[in-house]
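Summary of the model geometry
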Amino acid sequence: MEAGTQEMPAFMTNRDEDVTSDSWRQHRKHVFVLSEAGKPIYSRYGSEEALSSTMGVMMALVSFVQSGDNIIRSVYSELHTVVFLQKGPLVLVCVSNSRQSEEQLRGELLYVYYQIISMLTQASISRIFEHKKNYDLRRLLAGSEKILDGLLNLVDSDPSFLLTAIHCLPLASSLRDSLSQILQKAITPNLVFSILVAKNQLLTIVQEKTVIEDARLEPADVHLLLNLIGASSAFQAGEIWTPICLPLFNPDCYFYAYISYLDPPECTVCLLLLSTDKEAFYAVADCKRKIEEAMVAQNALSLIAKAHSYSVSQVGVSDLRHFMYKPFDVPDTYRQLTQFTSPEMEAPYSSEEEKMRLLDLYRYMHSRIHSSTRPLKLIYHVAERETLLAWVTSKFELYTCFSPLVTKACAITAITKLLRWIKKEEERLFIRYPPKYSTTPNPSKSSRGGKSDQQDSTENGFLTLL
Amino acid sequence: MVLLGSSGVGKSCLALRFGKDEFRSTSPTVGCAYLTRMVHLSDVNLRFEIWDTAGQEKYHSVTPLYYRGAHAAILVYDISKRETFLRAQVWLRELEKQVVPGSSVLWLVGNKGDLAEERQVSVQEGEELARDRGLYFSETSAMSGFQVSELLAAIALRVYECLGAQQEGLSEWRETPLVNLHHRDTFSSSAASCCRVGP
Ligand SMILES: Nc1nc2c(ncn2[C@@H]2O[C@H](COP(=O)(O)OP(=O)(O)OP(=O)(O)O)[C@@H](O)[C@H]2O)c(=O)[nH]1
Ligand SMILES: [Mg+2]
């Protein structure tokens, strides 16, 4: 049984990379996952097999330090930072020359761990390794390398991950409200989240009342969901029905996700319905028909198609090139999703390299603000080609990027204007009060995804396959 | 109809061909994909609900959701990978436990027929397995389209006959003492398992 299924599908070009080449060594960020027994599970570049000796070395390092009751956390060299993260029976390692902080890199490893959990659940992984210490987890992750690759590319290029916040598509609040109402009306028992996404940004989300009272939906869970949608070929398939775990919501049980695009063949508007009932496919698919009909009746798709991100020039502050704003001032009773808003990256940040350079500057500012040893509230940073200002208060976290010649006084005035603009536009930029519905027949039993599901993951087929 | 088999054997590509007669390289299916297709037989239109399941092992625990109650189960393997042929036999054993004999059409499909030079499973082996276990058998290529529309039409016909036979079985049991074996006579010997239900 050990030999398992180890065909590497042809489209995974990363996997074919020669692990002895210079280009392999020069990647900005390597990520490896291995089991406690030292078995390779995943490598971002090059196949895990070709790398098994590298992973062996890492494992030796980890166990050596562990034996001294002293869990290894990171290793620094002139060019690289190596960060270790142990989660249950899995060891995750990042080798980076991106100059990010250890905390940030560890946060990214945590996303990788959570994405694995989202496919297998924490409970199954622990059980598998309890049964068999040297189990080859690649058997269960076969075919999912692409999902992890995609996640790591997003982590590098999308600041949502750095900020652990959701980016929603700016939309007239009247349109957003009517979309929410459409979702609110299309319900069936055990439906817990209805989510509408366009161009990889959130349009609206409706949450089940009693479920959300117990645990809130974390941005990271939404990121993982969106990454999964991106990686699945739902656009060809029509409708997808798949078990998925939301690790921060509950790492041990599955939801069942219905995924379908509403605008084939363009496939930009995606509907996601999460149920706790694995047999509910037809009932949930029926909700989609209702949603589709209502959207046609209200001409919603063409309105959504017109929605787009905004340009920083709309703010009307000269010298301001870009910003990221994450508010904290939403009443907690609403079980608000943490969100942020940010304009398109425009010239001079149009090329991929320049975008990455700006993101790296933001990451640097972020690491200073969130430094575990010496956190800062305000940083004014004059870089070579731009000037940045980051500011965190009890109400918001803000990162701004100005042209290099701006003075500190100017920047402060600009930020005052920016904050005023955001206040004026907030109805459009954010989902202010996430709507809810009630679908659980017996609320007292429905907490955290439902009891039946909890059981489900324990009698899940994996064990019989060992 | 449910499509079963190891990851990468071409289930989603077959499903795509069934519908649109085109070929695209696809990502591994997540969970299960649901599609509907109309098939025109000479005197009737059948609407197929197709469950294109994920071959990845992590999804196996949910697959029985889909084959329970299916009228047709298509077991797909890749003729250039013996292991997928063995895996198909595991699926077959599983199916035999779940499916009432004769209530469903079972079909063994050797896909990637275009990879003849890398063939690891001979046509005879496929045919033999199908004959021994009472399945229908085809070899296809989702890439070139070889035998794909023929396969769908043949499945549709068998399902239609199978449903017809069951209905007749029912009506006969309720009303008329007349035994009508007309449908069953048209089957080849290897096909007989399809419609064992009835009088
Ligand atoms: N040469 C050849 N390649 C094929 C054929 N059918 C599919 N493929 C290739 O095989 C790969 C996998 O095909 P899929 O249809 O996604 O496989 P699947 O069985 O749906 O896999 P899972 O969804 O993971 O269970 C694709 O990249 C196709 O290009 C075929 O008839 N001939
Ligand atoms: Mg598939």
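Check the entry above for the structure.
The structure contained in this document is the topic of the report that follows. Not measured: the values here are computed from a predicted model.

1. Quick word on the overall build of chain A
- A count of helices and strands for chain A gives 17 helices and 17 strands.
- Out of the 466 residues in chain A, the part that is buried amounts to 57%.
- When the accessible surface of chain A is totalled, it reaches about 19300 Å², and 54% of it is carbon and sulfur.

2. Comments concerning the pairing of strand E7 (residues 191-198) of chain A
Residue and element names in this part refer to chain A.
- Of all eight residues in E7, eight are buried, a share of seventy percent or more.
- By the bridge criterion, seven bridges tie E7 to strand E11 (residues 269-275) in an arrangement that is antiparallel. Within the sheet, the bridge partner assigned to Ala198 lies in E11 and is Val269.
- The hairpin formed by E7 and strand E8 (residues 201-208) contains two residues between the paired strands, and Lys199 there has a positive phi angle of roughly 50°.

3. As for helix H8 (residues 173-185) of chain A
- Between its first and last C-alpha atoms H8(A) spans 18 Å; for 13 residues at 1.5 Å apiece the expected length is 18 Å, and the two agree.
- Among the residues of H8(A), those classed as buried are Leu175(A), Arg176(A), Ser178(A), Leu179(A), Ser180(A), Ile182(A) and Leu183(A).

4. Some remarks on the side chain of Thr63(B)
Residues and elements named next belong to chain B.
- Mapped onto the fold, Thr63 is located in the loop between strand E3 (45-53) and helix H2 (64-67).
- Within the structure, Thr63 has its side chain in polar contact with the backbone oxygen of Tyr59 (distance 3.2 Å).
- When sequence neighbours within four positions are dropped, the list of residues in contact with Thr63 reads Leu4, Thr53 and Trp91.

5. Concerning the site of ligand 1
Residues and elements named next belong to chain B.
- Taken together, 23 residues form the shell around ligand 1, and within it Ser7, Lys11, Thr26, Gly55 and Asp114 come nearest.
- For ligand 1, an oxygen atom lies 2.9 Å from a polar atom in the backbone of Cys13.
- In this structure, an oxygen atom belonging to ligand 1 sits 2.7 Å away from a side-chain N or O atom of Thr29.
- Relative to its unbound accessible surface of 650 Å², ligand 1 loses 91% to contact with the protein.

6. Concerning the pattern of salt bridges
Residues and elements named next belong to chain A.
- Under the definition given, this model contains 26 salt bridges over all chains.
- The partner of Lys29 in a salt bridge is Asp156, and the shortest N-O contact between them spans 2.7 Å. A residue pair is termed long-range when its members are at least 10 positions apart, and Lys29 in strand E1 (residues 29-35) and Asp156 in helix H6 (residues 145-157) qualify at 127 residues.
- When its relative accessible area of 1% is taken as the criterion, Lys29 is described as buried.
- Overall, the relative accessible area of 6% leaves Asp156 in the buried class.
- Here Asp360 and Arg363 are joined by a salt bridge, their closest N and O atoms 3.2 Å apart.

7. Side note on the sheet that holds strand E4 (residues 81-87) of chain A
All names here are of chain A.
- The five strands are arranged E2-E1-E5-E4-E3 in an open sheet whose pairing can be described as antiparallel. The sheet is open, and its two edges are formed by strand E2 (40-43) and strand E3 (74-76), each paired on a single side. The sheet shows a mean angle of 15° between the axes of neighbouring strands, taken without regard to direction.
- Sheet topology places E3 next to E4; three bridges connect them, and they run antiparallel. Across the sheet, the residue bridging to Ser74 is Val83, located in E4.
- Taken strand by strand, H6 contacts E1 and E2, and its axis lies near 45° from that of E2.

What counts and how
Residues numbered from 1 in each chain as written. Chains lettered and ligands numbered in written order. Predicted model: local features only at pLDDT ≥ 70, side-chain atom pairs only at ≥ 80, totals over all residues. Heavy atoms only, no water. Helix = DSSP H or I, 4+ residues; strand = E, 2+ residues; numbered from the N terminus. Buried < 20%, exposed > 50% of the residue type's maximum accessible area, 1.4 Å probe, protein only. Areas by Shrake-Rupley, 256 points an atom, 1.4 Å probe, with all protein chains shown as cover. Pairing = 2+ DSSP bridges. Expected span 1.5 Å × (residues − 1). Polar contact = N/O pair within 3.5 Å; in protein donor to acceptor, adjacent residues only side chain to side chain. Contact = heavy atoms within 4.5 Å. Near = heavy atom within 4 Å. Salt bridge = Lys/Arg side-chain N within 4 Å of Asp/Glu carboxyl O. Axes fitted to C-alpha atoms, helices over the stretch in contact; angles between N-to-C directions.

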